[in-house]
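Take a look at the letters that make up each chain.
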Amino acid sequence: MAYEEVKPKPLEETSSFNAEGQVVEGKLLEIREDIGKNHSNVYVIETKEGLKNFWGANALDPLMDNVSAGSKVKITVLSMTHKFPNGRVGKNFKVEVDK
């Protein structure tokens, strides 16, 4: 019997939520956890424009805990109101699921 090393899937281009009012709508295909140097979540969403990968955020991840893969989801950036000392911008989100 021969063993073959298992390697993680390569991460395709990943987008960030970067504008107030930005909306991403589509089918949540997968939630990847513990990705990159910050051990972040990545949400893989099939949109009208094609497959998109989005980085999670402290305000988004708890909302997405209630969404199952296969669900149709709509994520809206409500505000980008505060900056952290390291220069990153805090965001507030609304997450809706099509029932």
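Structure shown above.
The model shown is predicted, which means the values in this text are computed figures rather than measured ones.

Asker: Please provide a residue-by-residue account of the packing of aromatic side chains, values included.
Answerer: As enumerated under the stated definition, the model contains 2 aromatic pairs in all. Residues Phe-17 and Phe-54 carry aromatic rings whose centres are separated by 4.8 Å and whose planes lie at 25° to one another, so their mutual orientation is stacked. In this pair, Phe-17 is assigned in the loop between β1 (14-15) and β2 (23-35) and Phe-54 in strand β4 (residues 50-55), connecting sequence segments 37 residues apart. With a relative accessible area of 6%, Phe-54 lands in the buried category. With centroids separated by 5.3 Å and ring planes inclined at 80°, the aromatic side chains of Phe-17 and Phe-93 adopt a geometry described as edge-to-face. Of this pair, Phe-17 sits in the loop between β1 and β2 while Phe-93 is found in strand β6 (residues 89-97), placing the two residues 76 residues apart along the sequence. Here the two residues Phe-17 and Phe-93 agree in accessibility, since each one is buried.

Asker: Can you break down the nonpolar core residue by residue, with the values?
Answerer: Across soluble globular proteins, nonpolar side chains show a tendency to be buried alongside one another. Counting residues in hydrophobic clusters, the biggest one holds 13 residues, and the most contacted among them are Phe-17, Leu-28, Ile-45, Leu-60, Met-64, Val-73 and Ile-75. For this core, the secondary structure elements donating two or more residues are β2, β3 (40-47) and β5 (72-83). With 3 residues, the single largest contributor to this core is β5. Non-local contacts of Met-64, meaning those with residues more than four positions away in its chain, are made with Leu-28, Ile-31, Tyr-43, Val-73, Ile-75 and Val-95.

Conventions and cut-offs
Residues numbered from 1 in each chain as written. Predicted model: local features only at pLDDT ≥ 70, side-chain atom pairs only at ≥ 80, totals over all residues. Heavy atoms only, no water. Phe/Tyr/Trp six-rings, centres within 6.5 Å; stacked < 30°, edge-to-face > 60°. Helix = DSSP H or I, 4+ residues; strand = E, 2+ residues; numbered from the N terminus. Buried < 20%, exposed > 50% of the residue type's maximum accessible area, 1.4 Å probe, protein only. Core = buried A, V, L, I, M, F, W, Y, C linked by side-chain atoms within 4.5 Å. Contact = heavy atoms within 4.5 Å.

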